[in-house]
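What follows is each chain in one-letter form.
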Amino acid sequence: MKACHNDSLARPGVFRHCLGVVSRIRIGAVVVTALAAALGGVAPARAAPRPTAVERALEASGFYAGKTMVEVAFTGRQAHRPLGARTLRIGAHGFDVAELELALAWQGFPSGGIDGRFGPELRSALIRFQRAAALRPDGVAGKTTFARLRRPPRSSPIPLGWPLLLQVGDRFGPRSSRFHAGIDLPAPAGTAVTASAAGKVTWAAPRGSWGNLVTVDHGRGVRTMYAHLAAIDVKVGDWVAGGTVLGRVGSTGDATGPHLHFEVRVDGAAIDPLQALVRLPAADLQPG
Ligand SMILES: [Zn+2]
């Protein structure tokens, strides 16, 4: 356990937490095996880490067994309530709130930082999840919402092609104190980025931390997003075939170096792109 160093949040007998306490990301053996299969053995074999407290709690309550990878340091005297043991609403804080944040993120609705505090961002993500799940969008997590969160996340109804034939860097999942809603494909600046499938361009301009972003709507609720581009070669309204060049790899927006950040949305939920991309032999994926 790492200590939380943000003492401004510390009060006697109160759950103490801060963004810096989510100290490590660890990839579970199940996920590594699945990725290795998806990438034809590209993913390096790693020993199974011991499950964290959050992982154990999520497994015990039926949430995404083996797929939660964040270790949340926890101090204070509150019990580790399992997710679902109480109704959660804005103002709540605790271990189960961190579990709710993770469960929502795996369902495709990340709420910003994973900090165990039920603030406006978490409420808004919960409402988006409830709407997508056809539940009453009240922003309160009760029995019905918990039951829905236990279901498997959405999957893409159409197969998608790789926008770049390069090995994956950061994957979909918890990253530091946040949740990475796509995959990163590191590549030299200027590398062509191609459409994963046929569709209509619905965004082709800068957009916040994504930098220069292209979004393609493929129908059936599926959209793909190509971020941090150095240059954009299409415009909104264009119909593109799968394999059409959309732009060039860059590092615009919130990027530390040239790479493609690639997201897949199904009915608004961010899904793991590796579950939707066609499987390729390792030899077809070049190091970035
Ligand atoms: Zn990324």
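Structure first, text after, so check above.
Quick caveat: nothing in here was measured; it's all calculated off a predicted structure. (Residues numbered from 1 in each chain as written. Predicted model: local features only at pLDDT ≥ 70, side-chain atom pairs only at ≥ 80, totals over all residues.)

(A) How the structure looks around helix 3 (residues 95-106). Compared with an ideal rise of 1.5 Å per residue, which puts 12 residues at 16 Å, helix 3 spans 17 Å between its outermost C-alpha atoms and is within 8% of the ideal. Helix 3 sits mainly inside the fold: 12 of its 12 residues count as buried. In the stretch just after helix 3, G108 is the one whose phi turns positive, near 105°. (Helix = DSSP H or I, 4+ residues; strand = E, 2+ residues; numbered from the N terminus. Expected span 1.5 Å × (residues − 1). Buried ≥ 20, exposed ≤ 12 C-beta atoms within 10 Å, placed from the backbone.)

(B) Spotlight on the environment of E263. Structurally, E263 can be placed in strand 13 (residues 259-266). For E263, a count of 21 C-beta atoms within 10 Å translates into the label buried. For the pair E263 and T215, spaced 48 residues apart in sequence, the C-alpha to C-alpha distance is 9.3 Å. Residues within four places of E263 in sequence aside, it is in contact with A181, G182, M225, A270 and P273. (Contact = placed C-beta atoms within 7 Å.)

(C) Local environment of unusual backbone geometry. The phi dihedral of A134 falls on the positive side, at around 60°, and the residue is not glycine. Residue position: A134 is located in the loop between helix 4 (120-132) and helix 5 (143-149). Phi at R220 is positive, roughly 55°, even though this residue is not glycine. Residue placement: R220 occurs in the loop between strand 8 (212-219) and strand 9 (222-229). With 10 C-beta atoms packed within 10 Å, R220 lands in the exposed category.

(D) View of the pairing of strand 9. Of all 8 residues in strand 9, 7 are buried; the element is thus mostly enclosed. The pairing of strand 8 with strand 9 spans 6 bridges and is classified as antiparallel. Within the sheet, the bridge partner assigned to V216 lies in strand 9 and is T224. Where strand 8 hands over to strand 9, the hairpin turn is made up of 2 residues, of which R220 adopts a positive phi near 55°. Relative to strand 13, strand 9 runs antiparallel, the two sharing 6 bridges. Counterpart to R223 in the pairing with strand 13 is R265. (Pairing = 2+ DSSP bridges.)

(E) Spotlight on the sheet that holds strand 12 (residues 245-248). Ordered in space as 6-12-10, the 3 strands form an open sheet in which the pairing is antiparallel. For this open sheet the edge positions go to strand 6 (192-194) and strand 10 (231-232), each flanked by a neighbour on one side alone. Where strand 10 and strand 12 come together, 2 bridges link them in antiparallel fashion. Of the residues in strand 12, the one forming a bridge with A231 is R248.

Taken by themselves, the reported measurements are silent on function.
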